[in-house]
Amino acid sequence: MTQSTTGTADTHPLPPPKERRRLREAKSLSEEQVAAAVGVTRATVRAWETGRTRPRGRKREAYARLIGTGDAPSTPPAEGIKPDTPDKWSKDSAERAARPTASEPAEASEASEPSEPSWAVSAAGSSGGGSGSGAGTGPSPAEAFDALYRHTAAALFRQTYLLTGRRGLAREAVGKAFDLAWQRWPEVAADRDPVGWVRAAAYEHAVSPWHRLRRAHRHLDPPPEAPGPRALLDALLALPPSYRRTLLLHDGVGLGLPETAAETEASTPAAAGRLMTARAAVAEKLPELAKPSAPAEQSALLHERLGALALAQPAPSLPVPELIRSGSERKAQLWTRAAIGFIVLLIGLTLITLATAPRKYETPQSPAQKVSGVPPLGGPEKLTPQDKKLRKKFGKELVRGPARLVPEVG
């Protein structure tokens, strides 16, 4: 009999992959140190922190104690999003978007920060745990998805516009992200940061290099008329996509450096280097951003300028969430039917091949060809009259007896 690992998982709960990395870096532990302490390789630790695999058994217990969650109670996953509380582009709001009404010890110090402008609201609200409330009266998956969409889509559109400079591409990226989120809603609802999940999907689609091959997204939209926002947008779009995304997440959305590094799939030092390079490049084209000497002041000023640039854009005309859900379901059904049809076609072709194929292999006959340069077939030479006379004489002699053996004289 095999032993179930459910009890081990309940005894030693682990946070989501992004939170595991944040807790490890908060304790100043490297991947090599964690791997050596747990008894695995560095690649295994990285797989645990990216969500590709999960630790099990004693390694799970050791890993949970190492990052400081070995004795922490498990938090029930969020199944829905309530639209009561507005959200912001900040780490504390992303945590509230996926938690039930539980407190937030890790982000409690960030609640006293000044509120961000309305352009940065990507609200998903506080999560309403349908299963965690105990009464089973949480919102349905459709209601939770609709609430997440209504409170996040508009701000996410402005973020992707700052990332791409194309309104059509930004609208398409938001639609694709929520389309994918509805297809994987159980995973998104259980995620600690559903807003970050959708944001990452939208950013990935928006910065895809394949869009340059599409005629509709080959050229940028007309820039703002005001010289200040135009210069800021030009400086932002002049950055490489990875630097642009890092700057937008840290100084625009307000994520911390470890969270920014995790969302961009980079190490924390690499994310810090990209952020400093991006700030220097933007400050080179906008001298007023180079006046603050402290990095915090420069980040706050850049956040304010990005907010003004985003608010200058017209309100997006996004589809209603019902259309997103129905379109995603139709697409899933279409792909499912196409896969079933392909499998049926493949099986049919296989059966036809088995029915019509020969039972044994027969070597095909090669076609006749004329061969030149070969001498003609040789044979006996033509008999001379003397040879013919001798053969006739031998034919008249007896077959047996000494007469055949003794030649006649004369």
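Along each chain, residue indices are assigned from 1 in the same order as the chain's sequence is written. With the structure being a predicted model, the display of local features is reserved for residues of pLDDT at least 70 and the display and counting of side-chain atom pairs for 80 or more, all residues being used for whole-chain, interface and lining totals. With hydrogens and water excluded, all non-hydrogen atoms of the structure serve as input to the side-chain values.

Colleague: I'd like a rundown of the side chain of Glu-263, residues and numbers included.
Modeller: Note on conventions: DSSP H or I runs of at least 4 residues are helices, E runs of at least 2 residues are strands, and numbering of each starts at the N terminus. Relative to the assigned elements, Glu-263 resides in helix H13 (residues 257–263). Residues adjacent in sequence count toward polar contacts only when both atoms are side-chain atoms; beyond that, a polar contact is any pair of N or O atoms within 3.5 Å, and within protein one must be able to donate a hydrogen and the other to accept it. One polar contact links Glu-263 to Arg-199, side chain to side chain, over a distance of 3.0 Å. Beyond its immediate stretch of four places on either side in the chain, Glu-263 contacts Lys-18, Gly-196, Arg-199, Ala-200, Arg-245, Leu-249 and Leu-255. It only takes one pair of heavy atoms within 4.5 Å for two residues to be counted as in contact.

Colleague: Summarise a nonpolar patch on the surface; cite the residues concerned and give the values.
Modeller: Judged by side-chain polarity, Phe-342, Ile-343, Leu-346, Ile-347, Leu-351 and Leu-354 come together as a nonpolar surface patch covering roughly 630 Å² of accessible area. Per-residue accessibility, obtained with a 1.4 Å probe over protein chains only, is compared with the maximum for each type, and a residue is labelled buried under 20%, exposed over 50%, and partly exposed between these values. A relative accessible area of 47% means that Ile-347 is categorised as partly exposed. What makes a patch is a set of residues exposed beyond 30% relative accessible area and free of salt bridges, joined within 9 Å when like-charged and within 5 Å when nonpolar (Val, Leu, Ile, Met, Phe, Trp, Tyr). Accessible areas in this description were obtained via Shrake-Rupley with a 1.4 Å probe; residue shielding takes into account the shown protein chains only. Criterion for a salt bridge: a side-chain nitrogen of Lys or Arg within 4 Å of a carboxyl oxygen of Asp or Glu.

Colleague: Report on the packing of helix H8 (residues 167–183) against helix H10 (residues 194–206), specifying residues and quantitative values.
Modeller: To get an axis, fit a line to the C-alpha atoms, keeping to the stretch in contact for a helix; angles then go from 0 to 180 degrees between the N-to-C directions. Between H8 and H10, whose axes approach to 8 Å, the crossing angle comes to 135 degrees. One element, H8, and the other, H10, form an angle in the oblique class. For the pair H8 and H10, the sense of crossing is right-handed. Listed contacts from H10 to Leu-169, Glu-172, Ala-173, Lys-176, Ala-177, Phe-178, Leu-180 and Ala-181 of H8 are Trp-197, Val-198, Ala-201, Ala-202, His-205 and Ala-206. Comment on the angle field: the value is read as roughly parallel under 35 degrees, roughly antiparallel over 145, roughly perpendicular from 65 to 115, and oblique elsewhere. Left-handed describes a crossing whose near helix is turned anticlockwise from the far helix through less than a right angle; right-handed describes the clockwise counterpart.

Colleague: Outline helix H11 (residues 227–237), listing residues and values.
Modeller: Think of an α-helix as 3.6 residues a turn; residues three or four steps apart then line up on the same face. Burial in H11 covers these residues: Leu-232, Leu-233, Ala-235, Leu-236 and Leu-237. Tucked into the core, H11 has its buried residues touching helix H7 (141–164), helix H12 (241–253), helix H14 (268–285) and helix H15 (295–311).

Colleague: Report on the packing of aromatic side chains, specifying residues and quantitative values.
Modeller: Ring pairs shown here join Phe, Tyr and Trp side chains whose ring centres sit within 6.5 Å, with only the six-membered ring taken for Trp; geometry is labelled stacked below 30 degrees between planes, edge-to-face above 60, and tilted in between. Taken as a whole and judged by the stated rule, the model has seven aromatic pairs. Each ring, one from Phe-145 and one from Trp-182, has its centre 5.2 Å from the other, and the planes form 55 degrees; the classification is tilted. With a gap of 37 residues between them, Phe-145 in helix H7 and Trp-182 in helix H8 connect regions that are remote in the sequence. With relative accessibility at 0%, the residue Phe-145 sits in the buried group. Between the aromatic rings of Phe-145 and Trp-185, the centroid separation amounts to 5.7 Å while the plane-to-plane angle is 85 degrees, which identifies the pairing as edge-to-face. Remark: Trp-185 occurs in helix H9 (residues 185–190) and Phe-145 occurs in helix H7; sequence separation between them is 40 residues. This pair shows no difference in class: Phe-145 is buried, exactly as Trp-185 is. By way of ring pairs, the aromatic residues Phe-145, Tyr-149, Phe-178, Trp-182 and Trp-185 are connected into one cluster. Whether a charge sits over a ring comes down to the Lys NZ or Arg CZ being within 6 Å of the ring centre and within 35 degrees of the ring normal. Lying across the ring of Trp-182, Arg-325 places its NZ or CZ 5.7 Å from the centre.

Colleague: Explain the pattern of salt bridges residue by residue, including any values.
Modeller: Taken as a whole and judged by the stated rule, the model has 17 salt bridges. Glu-19 is paired through a salt bridge with Arg-192; the nearest N and O atoms lie 3.5 Å apart. Within this pair, whereas Glu-19 is found in helix H2 (residues 17–26), its partner Arg-192 is found in the loop between H9 and H10, the two being separated by 173 residues in sequence. Each member of the pair Glu-19 and Arg-192 is classed as buried. Its salt-bridge partner being Asp-179, residue Lys-331 comes within 2.9 Å of it at the nearest N-O pair. Taken together, the residues Lys-331 in helix H16 (residues 321–356) and Asp-179 in helix H8 connect sequence positions 152 residues apart. When its relative accessible area of 8% is taken as the criterion, Asp-179 is described as buried. Counted as one network, the salt bridges with shared partners bring together Arg-24, Glu-31, Glu-32, Arg-42, Arg-46 and Glu-49.

Colleague: How would you summarise unusual backbone geometry if you had to cite specific residues and measurements?
Modeller: Backbone geometry places Ser-28, a non-glycine residue, at a positive phi of 60 degrees. With respect to the helices, strands and loops of the structure, Ser-28 is situated in the loop between H2 and helix H3 (31–38). Unusually for a residue other than glycine, Glu-265 sits at a positive phi of about 55 degrees. Secondary-structure assignment places Glu-265 in the loop between H13 and H14. Overall, Glu-265 belongs to the exposed group, its relative accessible area being 70%.

Colleague: Account for the nonpolar core, naming residues and giving values.
Modeller: If you look at the biggest cluster of nonpolar residues, it comprises 49 residues, and the most contacted ones within it are Leu-162, Phe-178, Trp-185, Val-198, Leu-247 and Val-282. Mapped by element, the contributors of at least two residues to this core are H7, H8, H9, H10, H11, H12, H14 and H15. Looking at this core, the element that brings in the most residues is H7, giving ten residues. Those residues in contact with Phe-178, other than ones at most four positions away along the chain, are Phe-145, Leu-148, Tyr-149, Thr-152, Ala-153, Leu-156, Val-198 and Ile-324. For our purposes a nonpolar core is just a set of buried Ala, Val, Leu, Ile, Met, Phe, Trp, Tyr and Cys residues, chained together by side-chain atoms within 4.5 Å. Leu-23, Val-38, Val-40 and Trp-48 belong to the second largest nonpolar core, which has eleven residues in total.

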